[in-house]
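Here are the chains, one letter per residue:
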Amino acid sequence: MKKILVTGGLGFIGSHTVVELQNAGFEVVIIDDLSNTTIGVLDKITEITGTKPDFHQIDLRVKNDVKNFFENNKVDGIIHFAAFKAVGESMHKPLDYYENNLGALVYLLQEMRDRKLDNFIFSSSCTVYGQADELPITEKAPVKTAESVYGNTKQIGEEILKDASKAHNLNIIALRYFNPIGAHPSIKIGELPLGVPQNLIPYITQTAAGMREELSVFGDDYDTPDGTAVRDYIHVVDLAKAHIAALERLINKNNKKGFEYFNIGTGKGSSVLEVIKAFEKASGKTLNYKIVPRREGDITAAYADTTIANKELNWKTEKTLEEALGSSWKWQQQQ
Ligand code: UFG
């Protein structure tokens, strides 16, 4: 049985990926510092799969703790989720973001180099494309100057991986996620935003639940069919499965280059107003919302061309936007 280290394995995308890894027959060891989740998620994963993953509470910024972990654990692959992810916050705390998102990445790669470990999957983001000149966005679209420190950590992260792969013969895949949403169908795990949500879907579900008065729709004067911004919303379970596909590509040595990157989205763009309508349909609730000015730093539209990911990873999304929003709503109601 192959043993896979999942860093940030108790977070939103990490926990769903742990479940899919266990379902696919992998043994999982999780590292998480619990800075943005709770230990209870470990029990929920265990309830879903029937197997408790090995867990280590480690802060990956502490180089010695990373070293100690690898002294005692031999792994066949690493899926690295652990990182800070708040775009706005990253502008006020750039050094914390660079330290956590890039320092930890370097420590992990050094251990891989020194111990001859291989197979690394990195959480990247469609943010590397900025506002792409052409839609849908293919992997050939240029990486644009990052608008945020968070986005810059993903761009620099990919550069670090490319260089490390070349110099140390490591096989690495970066997955450029579009907008992950939804919750596990068991409704045992989902997204746990702290404080006031910044992302659209948790804001919608909290508004529908009566925790927020109304949703602000940021701008209806974009150059899109209904004037609101367009994104590619992907169900987190579909996203989790892309990691298994990428891992299997590396383990089976089907990769074509040492460092590869793929777009992970549905290929379908939805506007904010379309998401609201789909949510109302999925939940049976009417949503209170108003149009307000654009949010600073937002782009007009981003959705993926998934042709290459579908072919090379032998993976495609299976769930609809309504299914994703329905699961987010059930998850919210259960909180
Ligand atoms: N939106 C609203 N009201 C809200 C929240 C969001 O109208 O209360 C709109 C946004 O303006 C945007 C869309 O809903 O048009 C989606 O916004 P999110 O904040 O949910 O997602 P983003 O596309 O802005 O952000 C995502 C990821 C980031 C990543 C970024 C890169 O969450 O991690 O894409 O583009 F950096």
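For the structure itself, consult the block above.
Residues numbered from 1 in each chain as written. Predicted model: local features only at pLDDT ≥ 70, side-chain atom pairs only at ≥ 80, totals over all residues. Heavy atoms only, no water.

## Remarks on the overall build of the protein chain
For the protein chain, the helix and strand inventory stands at 11 helices and 13 strands. Along the three orthogonal principal directions, the C-alpha set of the protein chain runs to about 55 × 45 × 40 Å. Residues classed as buried in the protein chain amount to 52% of the 335 residues present. Across the protein chain, every contact between residues at least 6 apart in sequence was considered, and the portion connecting residues at least 24 apart equals 80%. Roughly 15200 Å² of accessible area belongs to the protein chain as shown, and the carbon and sulfur atoms make up 48% of that amount. (Helix = DSSP H or I, 4+ residues; strand = E, 2+ residues; numbered from the N terminus. Buried < 20%, exposed > 50% of the residue type's maximum accessible area, 1.4 Å probe, protein only. Contact = heavy atoms within 4.5 Å. Areas by Shrake-Rupley, 256 points an atom, 1.4 Å probe, with all protein chains shown as cover.)

## Comments concerning the site of the ligand
Contacts to the ligand come from 18 residues, most closely from Leu200, Ser216, Arg231, Arg295 and Asp298. At a separation of 2.9 Å, an oxygen atom of the ligand approaches a polar backbone atom of Phe218. Contact distances for the ligand include 2.5 Å between an oxygen atom and a side-chain N or O atom of Asp298. Within the complex, the protein chains bury 88% of what would otherwise be the 690 Å² of accessible surface of the ligand. Counting only elements with at least two residues in the shell around the ligand, the list comes to α7 (200-208) and β8 (215-218). With 4 residues, the single largest contributor to the shell around the ligand is β8. Its residues placed into classes, the shell around the ligand shows 10 nonpolar, 5 polar and 3 charged. (Near = heavy atom within 4 Å. Polar contact = N/O pair within 3.5 Å; in protein donor to acceptor, adjacent residues only side chain to side chain. Nonpolar A, V, L, I, M, F, W, Y, C, P; charged D, E, K, R; others polar.)

## Concerning the pairing of strand β3 (residues 54-57)
Where strand β2 (residues 27-32) meets β3, 4 bridges bridge the pair, whose relative direction is parallel. Of the residues in β3, the one forming a bridge with Asp32 is Gln57. For the crossover from β2 across helix α2 (residues 40-49) to β3, the handedness is right-handed. (Pairing = 2+ DSSP bridges. Right-handed = clockwise from strand over helix to strand, strands pointing away.)

## A word on the sheet that holds β3
One open sheet accounts for 7 strands, arranged β3-β2-β1-β4-β5-β6-β11; its pairing is parallel. Only two strands of the sheet have a single neighbouring strand rather than two, namely β3 and β11 (259-264). With direction set aside, neighbouring strand axes in the sheet form an average angle of 20 degrees. Inspection of the sheet shows strand β6 (residues 172-177) paired to β11 by 6 bridges, in the parallel sense. Paired with Leu175 across the two strands is Phe262, which belongs to β11. In the packing of helix α8 (residues 236-251) onto the sheet, the strands contacted are β1 (3-7), β4 (77-80), β5 (120-125), β6 and β11, and the crossing angle to β6 comes to about 160 degrees. (Axes fitted to C-alpha atoms, helices over the stretch in contact; angles between N-to-C directions.)

## Concerning the side chain of Ser270
With respect to the helices and strands, Ser270 occurs in strand β12 (residues 270-271). In terms of polar contacts, Ser270 uses its side chain to reach the side chain of Lys268, at 3.4 Å. Beyond its immediate sequence surroundings of up to four residues, Ser270 is in contact with Ala229, Val230, Arg231, Tyr233, Val275 and Leu321.

## Digging into the nonpolar core
Ranked by size, the top nonpolar core spans 36 residues in total, and within it Leu21, Ile30, Ile121, Leu175, Ile264, Leu313 and Trp315 carry the most contacts. At the level of elements, β1, α1 (12-23), β2, α2, β6, α8 and β11 are the ones that each hand at least two residues to this core. Among the elements that line this core, the one with the most residues is α8, at 8 residues. Setting aside anything within four residues of it in sequence, one finds Ile264 in contact with Leu175, Arg176, Tyr177, Phe178, Ile234, Leu239, Ala242, Ala309, Leu313 and Trp315. Counting 25 residues, the second largest nonpolar core, distinct from the first, contains Leu60, Val75, Ala104 and Leu108. (Core = buried A, V, L, I, M, F, W, Y, C linked by side-chain atoms within 4.5 Å.)

## Let's talk about the packing of aromatic side chains
Overall, the coordinates contain 4 aromatic pairs when judged by the stated rule. A centroid spacing of 5.9 Å and a plane angle of 45 degrees characterise the contact between Phe259 and Tyr261, whose relative ring orientation is tilted. For Phe259, a relative accessible area of 10% gives the class buried. In this arrangement the basic side chain of Arg294 is found over the ring face of Tyr222, its NZ or CZ atom lying 4.0 Å from the centre. (Phe/Tyr/Trp six-rings, centres within 6.5 Å; stacked < 30°, edge-to-face > 60°. Lys NZ or Arg CZ within 6 Å of the ring centre and 35° of its normal.)

Function cannot be inferred from these measures alone, as they are strictly geometric.
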